[in-house]
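The lines below spell out each chain.
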Amino acid sequence: MSTKQVMDAQDLIDEGRYDEARKILKKIKTPTARKMLAEIDELSPPASGSSIGRDALHVILIGLIGTLLFSAVGFGIASAIGIQGTGSTTVNQTNGQVALNPTTVPAGQTTSETATPLPSPTPTEVPCLGPDWWRANGAPLQQTVDALLGLSLLTPPADLQAARARFDAWRKIVEVAPANSPCVVPADEALRAALPDIGTAFSRYLTTSTGAERAQSLLDAMDGLLVVADALPDMQLGGVEESLANQIINFTRAECPARRWVTERLLARDYERFFDVFQAIDWNAPGLAQESLLTMRNFSSAFATDNGAQGDNDPVPACLRTSRDQFQIALNGFVGYANNRLGGDIGRADQEVQAAQTALANFYAGITNLDPALAGVRLDG
């Protein structure tokens, strides 16, 4: 029934018969009817409101005129009998007339009173709804971080796809859910900003990608999540967030951030390619072999420049310096092997490659001891 009435009212509005449409809509208690009433009031304000305004103005004008008439009569009577009003009276000695003089105001004073300002209302404090945000996002955020840090080429494709599907479902909720209190906004905004990089990190393992691309995507995702972790303590969660926050923070700020260093300094900078080039050298093509040797030398020099101690400044955390040194020895040893083999000194070449392989094994053992999650890292295939 209300649908037909709304349609009838719409027809009346289209014909400009606003009062008739208003009568119909006032009988319907639906949001649509209220919205249409508001539109009618904008197009044609109700006549009753106008008449009330005119009646009120009429009464005010009559009151003002009456007040002025009574004031004039009173003033005339007071003047005639010599009653002192707001001013002082003086008598004209010549004709005995009484004059009413206005009272003077002393210098520095005013006749108007200063209004006392009303106190400002105390703003209502918005409660922190951090626990509500955590109940909605804490568990899927933990799942996402665990999945990110567990990404590997050895992970079964079905597990990767399931992790990505869970993340995508949660992402859709996060992107539309409102942040209901100020204490939630920093973490919520940081999470929204991190979502694209997290999605890319999953995609790298489900599509063709290089080791450097996969490593860089992990770094981007963890850097975005680091901002989220830094904002969690402000959400009054009572400490339930500490385990997850520390898991994220330690990737970058741990006393010995071994996984961050390996991911950023070796994997993301494509040192895997050094070993790919070495293993692909065609010793029967000296010209191509020389080009491969040059590429390997460039990698070795770049690593020394980026990670080597320079005077009192060592950019590598103390816990990782032994592993850094072993990796540098391995790079130099493989370069020495290639150089001596191309020069025909096979004996020297064999010594160089044996030293390189030993140093590389020491490197793998060292980083695994620092972080068991690095046990599967192999740059040489």
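Our subject in this report is the structure included herewith. None of these values were measured; they are calculated from a predicted model.

### Describing the overall build of the protein chain
At step 1: If you tally the helices and strands in the protein chain, you get 14 helices and two strands.
At step 2: Within the protein chain, buried positions represent 34% of all 381 residues.
At step 3: Considering only contacts in the protein chain between residues 6 or more positions apart, those separated by 24 or more positions represent 62%.
At step 4: Accessible surface, the protein chain as shown: approximately 23000 Å² in total, 55% of it carbon and sulfur.

### Considerations on the packing of helix α10 (residues 258–267) against helix α12 (residues 286–307)
At step 1: Contact geometry for α10 and α12: axes closest at 11 Å, N-to-C directions at 135°. In terms of orientation, α10 and α12 fall into the oblique class. Between α10 and α12, the residues in contact are Trp-261, Arg-265 and Leu-266 and Phe-303, Asp-306 and Asn-307, respectively.

### Observations concerning the pattern of salt bridges
At step 1: Applying the stated rule across the entire model yields 17 salt bridges.
At step 2: Of the charged contacts, one joins Asp-132 and Arg-135 as a salt bridge, the two residues approaching to 2.1 Å between their closest N and O atoms. Here Arg-135 and Asp-132 lie together in helix α5 (residues 130–149), a separation of three residues that amounts to about one turn.
At step 3: Residue classification places Asp-132 among the partly exposed positions, given a relative accessible area of 39%.
At step 4: With relative accessibility at 61%, the residue Arg-135 sits in the exposed group.
At step 5: Salt bridges sharing common partners tie together Asp-314, Arg-321, Arg-324 and Asp-325.

### With respect to the state of the cysteines
At step 1: This structure, assessed with the given rule, holds two disulfides.
At step 2: Each sulfur of the disulfide joining Cys-256 and Cys-319 lies 1.9 Å from the other. Judged by the sign of its S-S torsion, about 100°, the cystine formed by Cys-256 and Cys-319 is right-handed. Here Cys-319 lies in the loop between α12 and α13 (321–343) and Cys-256 lies in the loop between α9 (242–253) and α10, a separation of 63 residues in the sequence.

### Looking at the layout of surface pockets
At step 1: Considered as a void within the structure, the largest pocket measures approximately 610 Å³ in volume.
At step 2: Counting residues per element, the ones that place at least two in the lining of the largest pocket are α5, α8 (211–231) and α10.
At step 3: Of the residues assigned to the lining of the largest pocket, the class counts are 12 nonpolar, four polar and four charged.

### Points about the environment of Val-145
At step 1: Within the secondary structure layout, Val-145 lies in helix α5.
At step 2: Sequence separation between Val-145 and Ala-221 is 76 residues; the distance between their C-alpha atoms is 9.3 Å.
At step 3: Aside from chain neighbours lying at most four places away, what touches Val-145 is Leu-225, Leu-244, Gln-247 and Ile-248.

About the thresholds
Residues numbered from 1 in each chain as written. Predicted model: local features only at pLDDT ≥ 70, side-chain atom pairs only at ≥ 80, totals over all residues. Heavy atoms only, no water. Helix = DSSP H or I, 4+ residues; strand = E, 2+ residues; numbered from the N terminus. Buried < 20%, exposed > 50% of the residue type's maximum accessible area, 1.4 Å probe, protein only. Contact = heavy atoms within 4.5 Å. Areas by Shrake-Rupley, 256 points an atom, 1.4 Å probe, with all protein chains shown as cover. Axes fitted to C-alpha atoms, helices over the stretch in contact; angles between N-to-C directions. Parallel < 35°, antiparallel > 145°, perpendicular 65-115°, else oblique. Salt bridge = Lys/Arg side-chain N within 4 Å of Asp/Glu carboxyl O. Disulfide = S-S within 2.5 Å. 1 Å grid on protein atoms, 1.4 Å probe; cavity = no way out; pocket = protein on both sides within 12 Å on 5 of 7 lines; lining within 4 Å. Points joined across faces, edges and corners; volume = space filled by probe spheres on them. Nonpolar A, V, L, I, M, F, W, Y, C, P; charged D, E, K, R; others polar.

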